[in-house]
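# Observations on the model geometry
Single-letter residue listing:
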Amino acid sequence: MTKPILISIAVSVLLIGGAFWLATSSSGGSTGVATMENGVQVIDIAAKGGYSPRVITAKAGVPSVIRVETSGTFDCSASLVIPKLSYQKSLQPSGTEEISISSEQAQGTMQGLCSMGMYNFQIRFQ
Amino acid sequence: MHCNACILMTESELTDVPYVTNAKSSLTTHSVEVTGMFGDKTPEAIAEELTKVLQPRGYALSVEKIQKNAEWGDFVYALPIALVFIVGFAMLQKAGLANLITSSNVSYGTAFIIGLIASVSSCLAIVGGLVLSLSASSAKEGGTWRTQTLFHVGRLGGFFILGGAIGLIGSSFQVGLTVNVVLGIVVGLVMFILGVNLLDVFHFTKRLQLSTPSWLSRRVVRGSRHDHYFAPLLVGIGTFVLPCGFTQSMQLYALNTGSFMHGAIVMFVFALGTFPVLALLSFGSLNIAHKPWKGIFFKTAGIIVIALALFNLANALATAGIISPLFSI
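Numbers given to residues run from 1 along each chain, matching the order in which its sequence is written. Chains carry letters and ligands carry numbers; both start at the beginning, A for chains and 1 for ligands, and go up in the order they are written. Thresholds applied to this predicted model are a pLDDT of at least 70 for local features of residues and 80 or more for the giving and counting of side-chain atom pairs; totals over whole chains, interfaces and linings are not thresholded and use all residues.

### Structural notes on the overall build of chain B
A run of H or I in DSSP becomes a helix once it reaches four residues, and a run of E becomes a strand once it reaches two; helices and strands are each numbered from the N terminus. On a plain count of helices and strands, chain B comes out with 13 helices and two strands. A pair of residues counts as a contact when their C-beta atoms, built from backbone coordinates, are separated by no more than 7 Å. Put simply, 75% of the contacts in chain B that link residues at least 6 apart link residues at least 24 apart.

Below is the structure:
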């Protein structure tokens, strides 16, 4: 009885450790910086099987536009939610969606997720 | 009973009873097998009579074991197996399955492939988790293949009819953010309760389940017993509005088709693509429910369902903006 218990504990520890390693190894993700176009700050995000870049830095207090591009996106990332803006929309499988942010809203950290919550991105207004 | 001398003692005491011809005690199972001429007495009455014989020695007999054995030993196998599945699921998400879809046009073939991918993707956490928890619970309660079949008929039929409906009216069934979050939380909680029930170690959730005004757990899980046709069908149809990203984008596509037949077929083919994995989950658990190692299966399923329930709950709360996202794939 003790032998299976020991093996069971060893396997469990190994799996939990592996899962943590897996979760932390790519949590850094890709980063990006917002660009200026005709006096408007543009934050470009590609949505397919997740969001890219995952962390974007932008200037605070500037009227901005989040430009989300989909190309053959049928997964959850097409169903975009930005809680701070009370924004929810199912994006077209292929196309570009522009979400405007007023200068008052462009403060702090803005979180964007897919409607099921497993994909997310972050805009840091600094 | 905890000594070998007790075995001999109980056996000799019992065989001294005139109508008992043989008694065999076991230390490991804490039971005694009694044979003899009992006439038309019920097993309970016999146990009561024999208890009187053994009472001076400090023993009591009952027909069934009073203390239900939780069989903790099953966890030795159930925990690593469940963890393998959970880690496998996480790795599948990391693998970027969504990138396998390269076409931006939806043909019926693509809809089927999207369905196949959806059934092993994040949708598995919510739809598959719900199917596993309901079918394993139903199998545990003695459900038949009929309950499972009705669920799948409801799902396929519901996707066809509702897909056609949104194609025709062109106004989406798409639920609002609040409804989405509430649905996610409700499904997460139902899954959590069913998962804990599957573990069969805590008995408070059994009471919780009965007192919850949840038509879902009460009717679907126990539905088979009363030959309930309606509830599994309804849950199958209800999966149309479950928060699953793939389903939502297919609905958006069906919406834009502007025709009943086109929308209906696209949604039906998509549901058909998800069918193999979901059928494996539901009919698989029904099959295993009659195997000798079913205890391990139910505990494994319980752990997986609880993990998926927590995943869904955390995601629903993150979507509501209440907590920051815990999982990032």
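From this point, the discussion proceeds with the structure in view.
### Focus on the overall build of chain A
Helices and strands together make up the secondary structure of chain A, namely one helix and eleven strands. Each helix (α) and strand (β) of chain A, taken in turn from the N terminus, gives the series α-β-β-β-β-β-β-β-β-β-β-β. For chain A, the residues scored as buried account for 34% of the 126 residues in total. Residues with at least 20 other C-beta atoms within 10 Å of their own are called buried, those with 12 or fewer are called exposed, and the rest are partly exposed. The C-beta atoms themselves are positioned from the backbone.

### Observations regarding the interface of chain B and chain A
Contact residues are listed per partner, giving 44 residues for chain B and 37 residues for chain A. For the side of chain B that touches chain A, the secondary structure elements donating two or more residues are α3 (75–94), α7 (177–199), α11 (245–257) and α13 (294–319) of chain B. Each residue gets one label: Ala, Val, Leu, Ile, Met, Phe, Trp, Tyr, Cys and Pro are nonpolar, Asp, Glu, Lys and Arg are charged, and the others, such as Gly, are polar. Grouping the amino acids of the side of chain B that touches chain A by side-chain chemistry returns 26 nonpolar, 17 polar and one charged.

### Observations regarding α11 of chain B
Residue and element names in this part refer to chain B. Multiplying 1.5 Å by the helix residue count minus one yields the expected span of that helix. Counted at 1.5 Å a residue, the expected span for α11 with its 13 residues is 18 Å, and the 19 Å between its end C-alpha atoms agrees. The buried count for α11 comes to twelve of 13 residues, which makes it a mostly enclosed element. Just downstream of α11, Gly258 is the residue with a positive phi angle, here 70 degrees.

### A look at the nonpolar core
Residue and element names in this part refer to chain B. Ranked by size, the top nonpolar core spans 95 residues in total, and within it Ile114, Met191, Met250, Val266, Met267, Phe270 and Val305 carry the most contacts. The greatest single-element share of this core, amounting to 15 residues, is contributed by α13. Setting aside residues up to four positions removed in sequence, Phe270 forms contacts with Ala111, Ile114, Gly115, Phe159 and Met250. Among buried residues, those of type Ala, Val, Leu, Ile, Met, Phe, Trp, Tyr and Cys that are joined through C-beta atoms within 7 Å form a set called a nonpolar core.

### Overview of unusual backbone geometry
Residue and element names in this part refer to chain A. In this model, Ser52 is joined to Pro53 through a cis peptide bond whose omega is -5 degrees. By secondary structure assignment, the location of Pro53 is in the loop between β4 (51–52) and β5 (55–58). Residue Asn38 is not a glycine yet carries a positive backbone phi of 50 degrees. As for its placement among the helices and strands, Asn38 is situated in the loop between β2 (35–37) and β3 (40–47). At Ser86, a residue that is not glycine, the phi angle is positive and equals roughly 50 degrees. With respect to the secondary-structure elements, Ser86 resides in the loop between β7 (79–82) and β8 (87–90).

### A few points about the packing of helix α5 (residues 123–140) of chain B against α7 of chain B
Residue and element names in this part refer to chain B. Between α5 and α7, whose axes approach to 10 Å, the crossing angle comes to 40 degrees. Where α5 crosses over α7, the handedness of that crossing is left-handed. Contact with α5, carried on its side by Ile126, Gly129, Leu130, Ser133, Leu134, Ala136, Ser137 and Lys140, involves Val187, Met191, Leu194, Gly195, Asn197 and Leu198 of α7 and no other residues of that element. Geometry is summarised by axes, namely lines fitted to C-alpha atoms with helices restricted to the contacting stretch, and by angles between N-to-C directions that run from 0 to 180 degrees. Take the far helix as your reference; a near helix turned counterclockwise from it by less than a right angle gives a left-handed crossing, and one turned clockwise gives a right-handed crossing.

### A closer look at the sheet that holds strand β1 (residues 31–33) of chain A
What links the strands of a sheet is backbone hydrogen bonding, and the strands pair in either a parallel or an antiparallel sense. All names here are of chain A. Note on pairing: DSSP must find at least two bridges between two strands before they are called paired. Ordered in space as β1-β5-β11-β10-β7-β8, the six strands form an open sheet in which the pairing is mixed. Among the strands making up the open sheet, the edge pair consists of β1 and β8. Pairs of neighbouring strands in the sheet enclose a mean axial angle of 20 degrees, with direction left out of account. In this sheet, strand β10 (residues 109–114) lies alongside β7 in antiparallel orientation, the contact comprising two bridges. Within β10, the position partnered with Val81 by the bridge is Leu113.

### Here's the deal with the environment of Ala279 of chain B
Residues and elements named next belong to chain B. Locating Ala279 in the fold gives a position in helix α12 (residues 260–288). Accessibility expressed as a C-beta count within 10 Å gives 17 for Ala279, which makes it partly exposed. For Ala279 and Leu132, which are 147 residues apart along the polypeptide, the C-alpha to C-alpha distance reads 9.8 Å.

### A closer look at the pairing of β7 of chain A
Residues and elements named next belong to chain A. The alternating pattern of β7 places Ser79 and Val81 on one face and Leu80 and Ile82 on the opposite face, and all of these are buried. The sheet contact formed by β7 and β8 spans four bridges and is antiparallel. Each residue of the ladder has a partner; that of Val81, found in β8, is Gln88. Here β7 folds back onto β8 in antiparallel fashion, the turn holding four residues, of which Ser86 has a positive phi close to 50 degrees.

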